[in-house]
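Given next are the chains, with one letter for each unit.
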Amino acid sequence: MERLPRPSLIERLTALLAPEPDSREDVLAVLQAAGTRNVLDADVLAILEAALNIADIEVADVMVPRAQMDCIDIADCIEDIAAFVVDTGHSRFPVLGEGKDDVLGILLAKDLLRPFAGDAGHGFDLRSMLRPAVFIPESKRLNVLLREFRVSHNHLAIVIDEYGGVAGLVTIEDVLEQIVGDIEDEYDHDEISDNIRLAPSGGYRVKAATALEDFNQAFATSFADEEYETIGGMLMRHFGRLPRRGDVLAIDGLRFQVLHADSRRLHSLLVEVVPPAGAQASDTH
């Protein structure tokens with residue numbers, strides 16, 4: 001007996017969507033029903049739900065705040081710029097003139113290969129290497145921004161507040177991570193040396209997935225938690241909620257600032273050692 005071909009995902013969803021839904025809430029209800037009936041697996045369902053929900057998320061909710069932007073000064077020499085690019089590991093950098101409100105353009109890290117492949121930076125002209133910066137308002141919805149990123153082929157935009165000042169920046173990765181979760185490339189490893197790295201602005205960048213045991217070893221702390229095995233899990237217990245980017249918490253002489261978080265997970269932190277109150281006071285004399 002000839003076997004009939006298995007219906008495709010689209011065909012199965014089409015059957016579920018009869019009668020046609022009248023709202024996004026109806027679509028979500030259908031998708032959840034499909035998950036319950038094992039038409040969709042849990043990962044696919046989560047991605048579809050997140051893709052529908054990004055229309056409710058504004059750029060201000062996911063952007064890298066102004067204070068945490070890794071920027072290059074137009075007056076920096078090529079050696080300093082190259083070292084900064086290596087330290088941060090980003091692929092794109094805002095280049096500033098007179099402060100963070102004066103964004104002159106965007107430098108792509110790969111463009112630094114040209115002067116180094118030539119005469120070791122002789123005649124280096126940073127201005128000539130800049131790509132135009134794209135400016136967007138804090139209130140722009142992520143579904144609109146994603147469409148603009150796709151059409152323009154830009155991967156980074158500078159976020160402007162209501163007064164015209166720079167509020168932060170947002171990348172296409174920030175948007176996509178709202179849909180598919182944390183995106184790691186081939187250089188994102190789980191070794192301690194990569195999980196805990198010295199930050200260019202001071203302190204340490206720490207992945208939230210760092211094991212508590214490894215964190216304790218690096219910072220000479222003795223954090224323990226029976227429910228969680230990672231530093232991110234411990235912090236979520238202290239916050240009592242899923243923290244948002246920019247949230248700050250001080251515990252046992254350490255200051256934790258959330259660098260990257262989405263609607264589902266905490267991803268990275270800035271950890272700084274806070275001097276005792278007595279030591280701070282003595283420095284003022």
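Throughout this document, residue positions are counted from 1 along each chain, in the order its sequence is written. Whole-chain, interface and lining totals are the exception, using all residues; otherwise, since this is a predicted model, local features are given only for residues with pLDDT of at least 70 and side-chain atom pairs are given and counted only at 80 or more. Each side-chain value is worked out from all heavy atoms of the structure, with water and hydrogens disregarded.

### Examining helix H10 (residues 212-219)
Whether a residue is buried, partly exposed or exposed follows from its accessible area with a 1.4 Å probe, protein chains only, as a fraction of its type maximum: under 20%, in between, or over 50%, in that order. Strands are runs of DSSP state E lasting at least 2 residues, helices are runs of H or I lasting at least 4, and numbering of each runs from the N terminus. Those residues of H10 not exposed but buried are Leu212, Phe215, Asn216 and Phe219. The buried residues of H10 occupy one face: seen down the axis, they fall within an arc of 100°. Along H10, the residues that are exposed and aim more than 90 degrees away from the buried face are Glu213 and Gln217. Here, two residues are considered to be in contact whenever any of their heavy atoms come within 4.5 Å of each other. Each element contacted by the buried residues of H10 is listed here: strand S8 (196-198), strand S9 (204-207), helix H11 (231-239), strand S11 (254-261) and strand S12 (266-273). Directions pointing from the helix axis toward each C-beta atom define the arc.

### Considering a nonpolar patch on the surface
Taken together, the side chains of Ile47, Leu176 and Val180 present a nonpolar region at the surface, about 210 Å² in accessible area. Looking at where Val180 falls in the secondary structure, it is placed in helix H8 (residues 172-180). Patch definition: residues above 30% relative accessible area lacking any salt bridge, with like charges linked at up to 9 Å and the nonpolar side chains Val, Leu, Ile, Met, Phe, Trp and Tyr linked at up to 5 Å. Note that accessible areas follow from Shrake-Rupley with a 1.4 Å probe, and for residues the cover is restricted to the protein chains shown. Just to be clear on terms, a salt bridge is a Lys or Arg side-chain nitrogen sitting within 4 Å of an Asp or Glu carboxyl oxygen.

### Re the nonpolar core
Definition of nonpolar core: a set of buried residues of the types Ala, Val, Leu, Ile, Met, Phe, Trp, Tyr and Cys, connected through side-chain atoms within 4.5 Å. Counting residues in hydrophobic clusters, the biggest one holds 20 residues, and the most contacted among them are Phe215, Phe223, Ile231, Leu235, Phe256, Leu269 and Val271. Among the secondary structure elements, those contributing two or more residues to this core are H10, H11, strand S10 (248-251), S11 and S12. Apart from the residues within four sequence positions on either side, Leu235 is in contact with Leu249, Ile251, Phe256, Leu266 and Leu269. Within the second largest apolar cluster, 17 residues are counted, among which are Val62, Ile136, Leu145 and Ala167.

### Comments concerning the pattern of salt bridges
Evaluated as defined, the whole model comprises eight salt bridges. Note that Asp70 and Arg205 form a salt bridge whose closest N and O atoms lie 2.6 Å from each other. Of this pair, Asp70 sits in the loop between strand S1 (64-65) and strand S2 (72-73) while Arg205 sits in strand S9, and the two are 135 residues apart along the sequence. Of the residues examined, Asp70 reaches a relative accessible area of 12% and is grouped as buried.

### Some points on the sheet that holds S10
Note on pairing: two strands pair once DSSP finds at least 2 bridges between them. Pairing is antiparallel across the open sheet formed by five strands, whose spatial order is S8-S9-S12-S11-S10. This sheet does not close on itself; its edge strands, each paired only once, are S8 and S10. The mean angle between the axes of side-by-side strands here comes to 25°, regardless of whether they run parallel or antiparallel. Where S9 lies against S12, four bridges are found, and the strand directions are antiparallel. Counted as the bridge partner of Lys207 is Ser268 from S12. Against the sheet, H10 touches S8, S9, S11 and S12, its axis set at about 35° to S8. Note on definitions: angles span 0 to 180 degrees between N-to-C directions of axes, and those axes are lines fitted to C-alpha atoms, for helices only across the stretch in contact.

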